[in-house]
Amino acid sequence: MIDPTTLDDHAFAVWAAERAGSVLLDVRAGAAADGLEGKALKDAGDAAAQAELDRVLTAHRPDDAVLSEEATDDTSRVTARRVWIIDPLDGTREFSEPPRDDWAVHVALWEDGDLVAGAVAQPALGETFSTGRPSVVPPRTSERPRIAVSRSRPPAFVEALAAELDAELVPMGSAGVKVMSVVRDLADAYVHAGGQYQWDNAAPVAVARAAGLHCSRVDGSPLVYNEEDTSLPDLIVCRPELADEIIDFVRRHGTA
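Residues numbered from 1 in each chain as written. Predicted model: local features only at pLDDT ≥ 70, side-chain atom pairs only at ≥ 80, totals over all residues. Heavy atoms only, no water.

Looking up the protein chain in an unreviewed UniProt entry gives the name 3'(2'),5-bisphosphonucleoside 3'(2')-phosphohydrolase, with the organism given as Nocardioides cavernae. Under the UniProt heading Catalytic activity (unreviewed entry), the note attached to the protein chain is "adenosine 3',5'-bisphosphate + H2O = AMP + phosphate". (UniProt positions renumbered as here; feature names shortened; annotations may be inferred.)

Pasting the structure below:
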């Protein structure tokens, strides 16, 4: 059995994300018997994963602040040295549609001005990606660039970007899954400008950076975390060789 008090922050992020992921799999497995579907299943998953992460952080990182999608924001965190930025269930829609596997748990640590550790668990795949054991992104296997987009709301500007780059659009679920698709060589870029929050991308960005991918705002400026305003509406995560072309397109055409 793992003793979480002995884990460094990278390993702790993995352990915490996998604990929440296990709880989510249990909620999903019991959904039919409990009469849970649709919004009720989403809400049950959010609540159960938040409770588990709250429990483990309170028990094992009691001096650290927390920013979570599913908890009231204590803005005193902006003066804290260490802040865990978590999304207990990223991709609630996909989670509520078994057997979809494109949903995730995000656990990241911000310390002294930047992200220093993170894990993205994809429980339905049995996979966790982390900064402790950074992924090695393989050479690109596709002739045309692949851009991960929302399966339900692909933004028009990304369609125009794909046309300019002669790229293929690859629809999939949660933000974390889209970023991990670049880490996994299932896509070459994820470009988003439709509105997100710090918890939507902190852990995925930490993992992507550790893997050597380019991560920035769509105008090329840095992604900044633990700001009082939790909105972080746009980002690019891509193979480094595509970054200049994508940023140049946004500068010329915008994201409207």
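Next, the rest of the story.
**As for the domain arrangement of the protein chain**
On domain assignment, one finds that the protein chain holds domain 1 (4-130) and domain 2 (146-253). One C-alpha centre belongs to domain 1, the other to domain 2; they are set 21 Å apart. The largest per-residue losses of area from domain 1 upon contact with domain 2 belong to I85, L115 and F129, which jointly make up 21% of the total buried on that side. Between domain 1 and domain 2 we count one salt bridge in total. Ionic pairing is found between D114 and R209, a salt bridge with its closest N-O pair at 2.9 Å. Our count for the contact surface shared by domain 1 and domain 2 stands at 12 residue pairs in polar contact (both at pLDDT 80 or more). Contributions of two or more residues to the side of domain 1 that touches domain 2 are made by β1 (65-68), β2 (82-90), α4 (92-95), β3 (104-111), β4 (114-122) and β5 (127-130). Per-element tally for the side of domain 1 that touches domain 2: the top contributor is β4, with seven residues. Taken together, the residues of the side of domain 1 that touches domain 2 sort by class into 17 nonpolar, seven polar and 11 charged. (Domains from an automatic or database assignment. Buried area = accessible area lost by both parts, 1.4 Å probe. Salt bridge = Lys/Arg side-chain N within 4 Å of Asp/Glu carboxyl O. Polar contact = N/O pair within 3.5 Å; in protein donor to acceptor, adjacent residues only side chain to side chain. Helix = DSSP H or I, 4+ residues; strand = E, 2+ residues; numbered from the N terminus. Nonpolar A, V, L, I, M, F, W, Y, C, P; charged D, E, K, R; others polar.)

**Describing helix α5 (residues 156-165)**
F157, V158, L161, A162 and L165 are the residues of α5 that are buried. Looking down the long axis of α5, one finds its buried residues gathered within 145° of arc, a one-sided arrangement. Every exposed residue of α5 that faces more than 90 degrees away from the buried side is listed here: A156 and A163. Turning to α5, the residues buried within the fold contact β6 (146-150), β7 (168-172), β8 (189-192) and α8 (240-253). Just past α5, the residue D166 takes up positive phi, approximately 55°. (Buried < 20%, exposed > 50% of the residue type's maximum accessible area, 1.4 Å probe, protein only. Arc of directions from axis to C-beta. Contact = heavy atoms within 4.5 Å.)

**Details of the packing of α5 against α8**
Between α5 and α8, the least distance of the axes is 11 Å, while the angle of their chain directions is 125°. With respect to each other, α5 and α8 are oriented oblique. For the element pair α5 and α8, the recorded crossing hand is right-handed. Here F157, A160, L161, E164 and L165 of α5 come into contact with α8, specifically with E245, I246, F249, V250, R252 and H253. Taken together, the residues that form the contact of α5 with α8 break down as seven nonpolar, one polar and three charged. (Axes fitted to C-alpha atoms, helices over the stretch in contact; angles between N-to-C directions. Parallel < 35°, antiparallel > 145°, perpendicular 65-115°, else oblique. Left-handed = near helix turned anticlockwise from the far one by under 90°.)

**Focus on the sheet that holds strand β10 (residues 235-238)**
Spatially, β7-β6-β8-β10-β9 is the arrangement adopted by the five strands of the open sheet, whose pairing is mixed. Pairing within the sheet leaves two strands with one partner each, and these edge strands are β7 and β9 (214-216). Mean inter-strand twist for the sheet, computed between neighbouring axes without regard to direction, equals 20°. Direction of pairing for β6 relative to β7: parallel, over a ladder of five bridges. Across the sheet, the residue bridging to A148 is V170, located in β7. The sheet strands contacting helix α6 (residues 175-183) are β6, β7, β8 and β10, and the helix crosses β8 at an angle near 145°. (Pairing = 2+ DSSP bridges.)

**Notes on the environment of Q122**
Residue position: Q122 is located in strand β4. On the basis of relative accessibility, which here comes to 1%, the residue Q122 falls in the buried class. In contact with Q122, not counting residues within four places along its chain, are D101, W103, A104, E127, F129, V177, M180 and R184.

**Section: the pairing of β10**
Alternating residues of β10 divide into L235 and V237 and I236 and C238, and every residue in both groups is buried. Two strands pair when backbone bridges link them, and β8 and β10 are joined in this way by four bridges, in the antiparallel orientation. Of the residues in β10, the one forming a bridge with V191 is I236. One ladder, built from three bridges, connects β9 with β10; its direction is antiparallel. Directly across from C215, in β10, lies its bridge partner V237.

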